[in-house]
Amino acid sequence: MRIAPSPTGYFHVGTGRTALFNWLFARQQGGTFVLRIEDTDLARNRPEHIDGILRALRWLGLDWDEGPHFQSQRGPLYREAVGKLLAGGAAYACDCTPEAVAGRARRRGGPPGYDGYCRDRGLEPAAGRMIRFRTPGSGQTRFDDVVRGTVTVDNASIEDFGLRKSNGDPLFILANVVDDADMAISHVIRGEDHVPNTPKYLLLWDALGYGDAPVFAHLPLLLNDARKKLSKRRDKVAVEDYRDEGYLPEAMRNYLGLLGWSPSGDREIVGIEEMVAEFRLEDVKRAGAIFDERKLQAVNAEYLRAMPTADLVERAQAWLQARWEPIAPLVQERARTLAEVYAMSDFLFLPSPAIDPAEWERGVRRNPAFAAILQAAAARFQTIEWEPHAIEEAVVGAGEEAGEPKKSKAQAPVRLAVTGRSVGPPLWESLATLGRDRTLARLAEAARRFEQDK
Ligand code: GLU
């Protein structure tokens, strides 16, 4: 059993669910739960996302028995596999550019990204040439998925997929297969989005002579309440956002366990030990599972009520403290009483800021560029590095763009929108602590309110 996240973004609730199911299955079967970081895409990896994966797994209480292994450190293994495939004639060098492949696919009406139509033209492997797998032109590849039943695919419909990029870096499928064999993974439990990769996986597995392939179980997609696939842009998908909003890890874990599986009876509150005992991989449902934040809230509320009040006090304190500490020294320089400490900090804890109506009146009327500044700041905030200096530059730039060159006047609307007040700790550090997503949500909310007030 393994969880094999790519560190290209925040730790997604879907990855949390996949990790949980692997962990449950490993604990129940006495298996080994391996953590593997699939960081082959060097351009898209970020070290903070690796930390985020480890933090989120620890927060959820999903302890791993082995790893983390990093694919970026396992290059020799992948080179060896490619050498073997080339020597056996199962792979070949190709110098088609991505543009040429895309152009051919367009002309022939292939799906986007389809990189078939590359054929072995007898090129020698060399720098600047990628390596492709030679997919058999006939026959079928079949596997029995624990969740989806038998899946059969015509080999002729599978393109000669890439194994290694022209710069020598391994591609996802190669590293994935080589590592599952090397790490003796018995069960591949992963998201349904990987079903199309599985026939390629199996062809490659056989070509490498690895013997019996792992058992596959593809978990149903997570959907939002509009029954659309959960998306980073539309939906709140980062596990750590839920932590920051004050969900309890045991409630989150409980809720993730209900996404595609259910315990007997109509129960929704299932402790982790019960889950380990009752979980059955073959009972995972195939239909998409709806991630419903209200249901998560209800589960969380049950956990809050069930704990002794002393525990609640302790846990709430720990939560408040973790959120507050980064700006504590800044508040300390400004507050005269503890009540003011609270008033200067509440924006970090409230789901949305308590905007003082009098301040809103004054702030909006005094600043004709209010809406333009918010809009320009939001646009810049999307892409900058999220740290105080860059945030300051973005706000000053937004002011200039909106015809407000004075820094204090440019920052006032942002402060009001995000903290609800016109005074408080330094804005740049405040926003850095609050986080990009929550800042953007508040700017959008204030812009809406401004429109309504007009
Ligand atoms: N690295 C892949 C992902 O993040 C997971 C691949 C797998 O589980 O086989 O989607």
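Structure's up top.
In this numbering scheme, every chain counts its residues from 1 along its sequence in written order. It should be noted that, the model being predicted, local features are given only for residues of pLDDT at least 70 and side-chain atom pairs only at 80 or more, the latter also being counted only at that level, while totals for whole chains, interfaces and linings use all residues. Neither water nor hydrogens contribute to the side-chain values; these are computed over all heavy atoms in the structure.

Colleague: For the overall build of the chain, give the residues involved together with the corresponding values.
Modeller: Here a helix means four or more residues in a row that DSSP labels H or I, a strand means two or more in a row labelled E, and each is numbered from the N terminus. Across its full length, the chain carries 19 helices and 12 strands. Overall, the C-alpha framework of the chain stretches about 75 × 55 × 35 Å when taken along its three principal axes. Only protein chains enter the area calculation, which uses a 1.4 Å probe; residues under 20% of their type maximum are buried, those over 50% are exposed, and those in between are partly exposed. The buried share among the 454 residues of the chain stands at 49%. The contact rule is simple, with two residues in contact once any of their heavy atoms fall within 4.5 Å. Expressed as a percentage of contacts within the chain between residues at least 6 apart in sequence, the contacts between residues at least 24 apart total 74%. Under the convention used here, a 1.4 Å probe and the Shrake-Rupley method define accessible areas, while residue burial counts only the protein chains that appear. Element-wise, carbon and sulfur atoms account for 51% of the exposed surface of the chain, whose accessible area totals about 22400 Å². Positive charges come from Lys and Arg alone, negative charges from Asp and Glu alone, with His and the N- and C-terminal ends not counted. A single reference atom marks each charge: NZ on Lys, CZ on Arg, CG on Asp, CD on Glu. Positive and negative charge centroids in the chain, built from 61 and 65 side chains respectively, lie 5 Å apart.

Colleague: Break down the packing of aromatic side chains for me, with residues and values.
Modeller: Within a pair of aromatic rings, the relevant descriptors are the distance that separates the centres and the angle that separates the planes. For this analysis, a ring pair means two rings from Phe, Tyr or Trp (six-membered ring only for Trp) whose centres lie within 6.5 Å, classed as stacked if their planes differ by under 30 degrees, edge-to-face if by over 60, and tilted for the remaining angles. Evaluation of the coordinates by the stated rule reveals 14 aromatic pairs. Note on Tyr201 and Trp205: the rings are 5.8 Å apart at their centroids and 10° apart in plane angle, and the pair reads as stacked. Of the two residues, Tyr201 and Trp205 are both situated in helix H6 (residues 198-207); the distance of 4 residues between them amounts to about one turn of the helix. Note on Trp205: relative accessible area 4%, which makes it buried. Centre to centre, the rings of Trp261 and Phe279 are 5.5 Å apart; their planes meet at 55°, and the pair counts as tilted. Here Trp261, found in the loop between helix H8 (249-257) and helix H9 (272-278), pairs with Phe279, found in the loop between H9 and strand S12 (289-290); they are 18 residues apart in sequence, far enough to count as distant. Residue Phe279 is classed as buried on the basis of its relative accessible area of 0%. Feature note: the residues Phe143, Tyr201, Trp205, Tyr210 and Phe216 constitute an aromatic cluster, connected by ring pairs. When the NZ atom of lysine or the CZ atom of arginine is within 6 Å of a ring's centre and also within 35 degrees of its normal, the charge is said to sit over that ring. Over the ring of Phe21 we find Arg17; its NZ or CZ atom is 5.7 Å from the centre of that ring. Looking at Arg449, its charged tip hangs above the ring of Trp360, at a distance of 4.4 Å from the centre.

Colleague: Please set out the site of the ligand residue by residue, giving values where relevant.
Modeller: Taken together, Arg2, Ala4, Pro5, Ser6, Glu38, Phe172, Asn176, Arg190 and His194 make up the full set of residues adjacent to the ligand. Polar contacts here mean pairs of N or O atoms no more than 3.5 Å apart (in protein, one a potential hydrogen donor and the other a potential acceptor; neighbouring residues in sequence count only if both atoms are side-chain atoms). Within the side chain of Arg2, an N or O atom sits 2.7 Å from an oxygen atom of the ligand. Isolated, the ligand exposes 300 Å² of accessible area, and the fraction of that covered by the protein chains is 80%. For this description, a residue counts as near a given molecule or strand if any of its non-hydrogen atoms is within 4 Å of it.

Colleague: Tell me about the side chain of Asn197, and name the residues and values.
Modeller: With respect to the helices and strands, the residue Asn197 is situated in the loop between strand S9 (187-191) and H6. For Asn197, a relative accessible area of 18% corresponds to the buried category. Setting aside anything within four residues of it in sequence, one finds Asn197 in contact with Phe172, Ile173 and Arg190.

Colleague: Let's hear about the sheet that holds strand S8 (residues 162-164): which residues, and what values?
Modeller: An order of S4-S5-S8 is seen for the 3 strands of this open sheet, with the pairing classed as antiparallel. In this open sheet, the two edge strands, each paired with only one partner strand, are strand S4 (91-94) and S8. Averaged over all pairs of adjacent strands, the angle between their axes in this sheet comes to 40°, without regard to strand direction. Strands are treated as partners if at least two bridges between them are detected by DSSP. Where strand S5 (residues 130-133) lies against S8, 2 bridges are found, and the strand directions are antiparallel. Bridged to Ile131 within S8 is Arg164. Angles run from 0 to 180 degrees between N-to-C directions of axes, and those axes are lines fitted to C-alpha atoms, restricted for helices to the stretch in contact.

Colleague: Account for the environment of Glu38, with residues named and values stated.
Modeller: Counting through the fold element by element, Glu38 comes out in the loop between strand S2 (34-37) and helix H2 (47-59). On the basis of relative accessible area, Glu38 is assigned to the buried category, the value being 6%. Counting along the chain gives 12 residues from Glu38 to Ile50, while the straight-line C-alpha distance between them is 9.9 Å. Discounting residues that sit within four places of it in the chain, Glu38 has contacts with Ala4, Pro5, Ser6, Pro7, Gln71, Phe172 and Asn176. At a separation of 2.8 Å, a polar atom in the side chain of Glu38 contacts the side chain of Arg36.

Colleague: Residue-level account of helix H17 (residues 407-419), with values.
Modeller: End to end, H17 covers 17 Å across 13 residues, agreeing with the expected 18 Å (1.5 Å per residue, within 8%). Packed against the buried residues of H17 are helix H14 (357-366), helix H15 (370-381), helix H16 (388-401), helix H18 (427-434) and helix H19 (436-453). Residue Gly420 follows H17 closely and has a positive phi angle near 85°. To estimate how far a helix should extend, the number of its residues minus one is multiplied by 1.5 Å.

Colleague: Tell me about the sheet that holds S2, and please be specific about residues and values.
Modeller: For sheets, the rule is that strands pair by backbone hydrogen bonds, running either parallel or antiparallel. Strand order in the open sheet formed by 3 strands is S1-S2-S3, with parallel pairing between adjacent strands. Of all the strands in the sheet, just strand S1 (2-3) and strand S3 (66-70) have a single pairing partner and so form its edges. Across 2 bridges, S1 lies against S2 in parallel orientation. Within S2, the residue paired with Ile3 across the bridge is Leu35.

In short, shape yes, function no, at least from these values alone.
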